[in-house]
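Residue-level structure breakdown
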Amino acid sequence: MKRIVVLGAAESGAGAAVLAKKKEFDVFVSDMSAIKDKYKEQLDQHGIEWEEGQHTEARILAADEVIKSPGIPDTAPIIQKLKAQGTPIISEIEFAGRYTHAKMICITGSNGKTTTTSLIYHILKGAGYNVGLAGNIGRSLALQVAEENFDYYVIELSSFQLDNMYDFRADIAVLMNITPDHLDRYDFKMQNYVDAKMRITRNQRPEDAFIFWNDDPIVRHELEKYDLKARLYPFSEFHETDAIAYIEDQEYVIERPTPFNMEQEELALTGKHNLYNSLAAGITADIAGVSNEEIRRGLMSFTGVEHRLEKAGRVRGVDFVNDSKATNVDACWYALESMKQPTILILGGVDKGNDYSQLYELVEKKCKGLVFLGVDNKKLHDAFDRFGLPTADVRSMPDCIAACMSMAQPGDCVLLSPCCASFDLFKNMEDRGEQFKECVKKL
């Protein structure tokens, strides 16, 4: 019996273990951290052996194949030992893809992938498609493959997941953009990160589709290197490019495969960044065979994604916006670009090799104060003190909200758009966003 070891026992790892067990592999799960109770129960229900707080090397190194959590870096000692002995290491997505014939709609990008993934799922689900939501959002793809029977999966893919995908193929691949992010995981080399993102086109065939933002200079440059087999569907904000989807005279237009148009003001999502998300989602639904009527209904009715420019309330005339998902500079840029009010901007966390200079013009134009929420804010001060804005250093969300309120006046907006990962002060970006909303409620 082939032996599979799963490293990491959160959503993806536990799901992969269940699928492996159902396919009659000898399965062992190992996690260096504590495993959440719900995943322990899931593993126990399926009779899967697991350990937490350690890696028993003898058992792990005896694996025929290892399924690695995307959160585990290649520099981890156990990964280095597995690589040295030639043990195959794959992702949960790669493993799950072996056991389903469902159509795979895969979305990646430095920004916009969660909103675009959710919007595509919303349109397909509303159109009556038998569809699952997986990847970075939704339930584990492997668990759904083990327990469900969907015809389509809409999957948000991070660069970490793409790193360990080899034979997996996307029927429809969507690449929103590529800007610097997670460089700490890629030896601080942008090309390594770019190469990871471009893996979404891997194994695509002539009958498949590749949708991409035509205005992204990095994507355009990379396309020159690749002999892509899939049909290309570029989208753009402007009709003057060779894009097949764009905005012209305040009208949202898709030229092919089935011509579609609607008034831009009818789109549920607003802001330039959401325009790109809506274009990518519309093309995807069009390719998947969704009717124009259902595409229009979906684009008009979508309510947005939690922690992405989410309205958190208004207190004493001050608006609060939760954009905790903005864990890189580009995401923060789009958030600031959409602000119409004087803004107190909350930045900080675990820096991933950020270059903050692209924010300078918007900070100078839109911000009236800055609050740095992190353990080490030196790099933020070095970047932004030059503007002479009021600043505050805080290490908790209650102190952060108090500092913001001391700077704000009626008509202002407090924007949590941190540019950074959350792990210095919070469990994750969701925890950061939830604490932000909870503190606002208590004002």
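Keep in mind the model is a prediction, meaning the values are calculated, not measured.

To continue, consider the overall build of the protein chain. In terms of helices and strands, the protein chain carries 17 helices and 20 strands. Against the globule reference of 22 Å for 443 residues, the protein chain gives a C-alpha radius of gyration of 22 Å, in line with a compact fold. Split into buried and exposed, the 443 residues of the protein chain put 58% on the buried side. The long-range fraction of contacts in the protein chain, counting pairs at least 24 apart against all pairs at least 6 apart in sequence, stands at 66%. Per element, the accessible surface of the protein chain, about 18,500 Å² overall, is 47% carbon and sulfur. The averaged location of the 68 negative side-chain charges in the protein chain is 3 Å from the averaged location of its 51 positive side-chain charges.

The subject of this paragraph is the nonpolar core. With 54 residues, the main nonpolar core has Leu141 and Ile155 as its most contacted residues. Beyond its immediate chain neighbours, meaning those up to four positions away, Leu141 contacts Glu92, Ile93, Ala96, Met104, Ala134, Tyr153 and Ile155. Ile123, Ala209, Ile247 and Met262 belong to the second-largest nonpolar core, a separate cluster that totals 42 residues.

Pairing in this open sheet of 5 strands is parallel, and the strands run 3-2-1-4-5 from one edge to the other. Only two strands of the sheet have a single neighbouring strand rather than two, namely strand 3 (49–52) and strand 5 (89–90). Packing against the sheet, helix 1 (residues 11–22) makes contact with strand 1 (3–7), strand 2 (26–31) and strand 4 (65–68), and its axis sits at approximately 170° to strand 2.

Time to look at the environment of Gly282. Here Gly282 is to be found in helix 11 (residues 272–287). Sequence separation of Gly282 and Asp181 is 101 residues, and the distance between their C-alpha atoms is 26 Å.

Let's shift gears to helix 2 (residues 37–45). Every buried residue of helix 2 is accounted for by Tyr39, Lys40, Gln42 and Leu43. Across the axial projection of helix 2, the buried residues extend over an arc of 160°, all falling on one side. Opposite the buried face of helix 2, by more than 90 degrees, sit the exposed residues Asp37, Lys38 and Gln45. Contacts from the buried residues of helix 2 go to helix 1, strand 2, strand 3 and helix 7 (141–147).

Bringing unusual backbone geometry into the picture now. The amide bond that connects Arg256 to the next residue, Pro257, takes the cis arrangement and shows omega of 10°. Tracing the sequence through the fold places Pro257 in the loop between strand 13 (251–254) and strand 14 (260–263). With phi around 70°, Cys419 is a residue other than glycine that occupies positive phi space. Checked against the element boundaries, Cys419 lands in the loop between strand 20 (413–416) and helix 17 (429–441).

Counting buried positions over the 5 residues of strand 7 (residues 131–135) gives 5, a clear majority of the element. Burial along strand 7 is two-sided: the residues Val131, Leu133 and Gly135 and Gly132 and Ala134 are all buried. Where strand 7 lies against strand 8 (residues 152–156), 5 bridges are found, and the strand directions are parallel. Bridge pairing in strand 8 links Ala134 to Ile155. Assessed by its sense of winding, the connection that carries the chain from strand 7 through helix 7 to strand 8 is right-handed.

Time to look at the pattern of salt bridges. On inspection of all chains with the given rule, the structure shows 27 salt bridges. Between Asp171 and Lys103 there is a salt bridge, with its nearest N and O atoms 4.0 Å apart. Taken together, the residues span a long stretch of sequence, with Asp171 in the loop between helix 8 (159–163) and strand 9 (172–175) and Lys103 in strand 6 (residues 103–108) at a distance of 68 residues. The class for Lys103 is partly exposed, based on a relative accessible area of 43%. Across the pair Asp351 and Lys379 runs a salt bridge whose closest N-O atoms are separated by 3.2 Å. With Asp351 in the loop between strand 17 (343–347) and helix 14 (360–366) and Lys379 in helix 15 (residues 378–384), the pair connects residues that are 28 residues apart, well separated along the chain. For Asp351, a relative accessible area of 26% translates into the label partly exposed. Taking relative accessible area as the criterion, Lys379 reaches 38% and is therefore assigned partly exposed. Taken together, the salt bridges that share partners define one network made up of Lys103, Arg169, Asp171, Arg205, Glu207 and Asp208.

Within this structure, the stated rule accounts for 14 aromatic pairs. A centroid spacing of 5.9 Å and a plane angle of 85° characterise the contact between Tyr252 and Phe260, whose relative ring orientation is edge-to-face. Judged by relative accessible area, Tyr252 falls into the buried class, the value being 0%. Ring pairing ties together the aromatic residues Trp213, Tyr276, Trp333 and Tyr334, which thus form one cluster. Between Arg59 and the ring centre of Phe28, over which it is positioned, the NZ or CZ distance is 3.9 Å. Above the face of the Tyr233 ring, Arg256 is positioned so that its terminal group lies 4.7 Å from the ring centre.

Our next topic: the sheet that holds strand 15 (residues 310–315). An order of 15-16-20-17-18-19 is seen for the 6 strands of this open sheet, with the pairing classed as mixed. Edge positions in the open sheet fall to strand 15 and strand 19 (391–394), since each of these has one partner strand only. Each strand of the sheet is rotated relative to its neighbour by a mean of 20°, with strand direction disregarded. Bridging between strand 17 and strand 18 (residues 367–373) involves 5 bridges; their strand directions are parallel. Bridged to Ile344 within strand 18 is Gly369.

Rules used in this analysis
- Residues numbered from 1 in each chain as written.
- Predicted model: local features only at pLDDT ≥ 70, side-chain atom pairs only at ≥ 80, totals over all residues.
- Heavy atoms only, no water.
- Helix = DSSP H or I, 4+ residues; strand = E, 2+ residues; numbered from the N terminus.
- Rg over C-alpha atoms; globule rule 2.2 N^0.38 Å.
- Buried < 20%, exposed > 50% of the residue type's maximum accessible area, 1.4 Å probe, protein only.
- Contact = heavy atoms within 4.5 Å.
- Areas by Shrake-Rupley, 256 points an atom, 1.4 Å probe, with all protein chains shown as cover.
- Lys, Arg positive; Asp, Glu negative; His and termini not counted.
- Charge placed at Lys NZ, Arg CZ, Asp CG, Glu CD.
- Core = buried A, V, L, I, M, F, W, Y, C linked by side-chain atoms within 4.5 Å.
- Pairing = 2+ DSSP bridges.
- Axes fitted to C-alpha atoms, helices over the stretch in contact; angles between N-to-C directions.
- Arc of directions from axis to C-beta.
- Right-handed = clockwise from strand over helix to strand, strands pointing away.
- Salt bridge = Lys/Arg side-chain N within 4 Å of Asp/Glu carboxyl O.
- Phe/Tyr/Trp six-rings, centres within 6.5 Å; stacked < 30°, edge-to-face > 60°.
- Lys NZ or Arg CZ within 6 Å of the ring centre and 35° of its normal.

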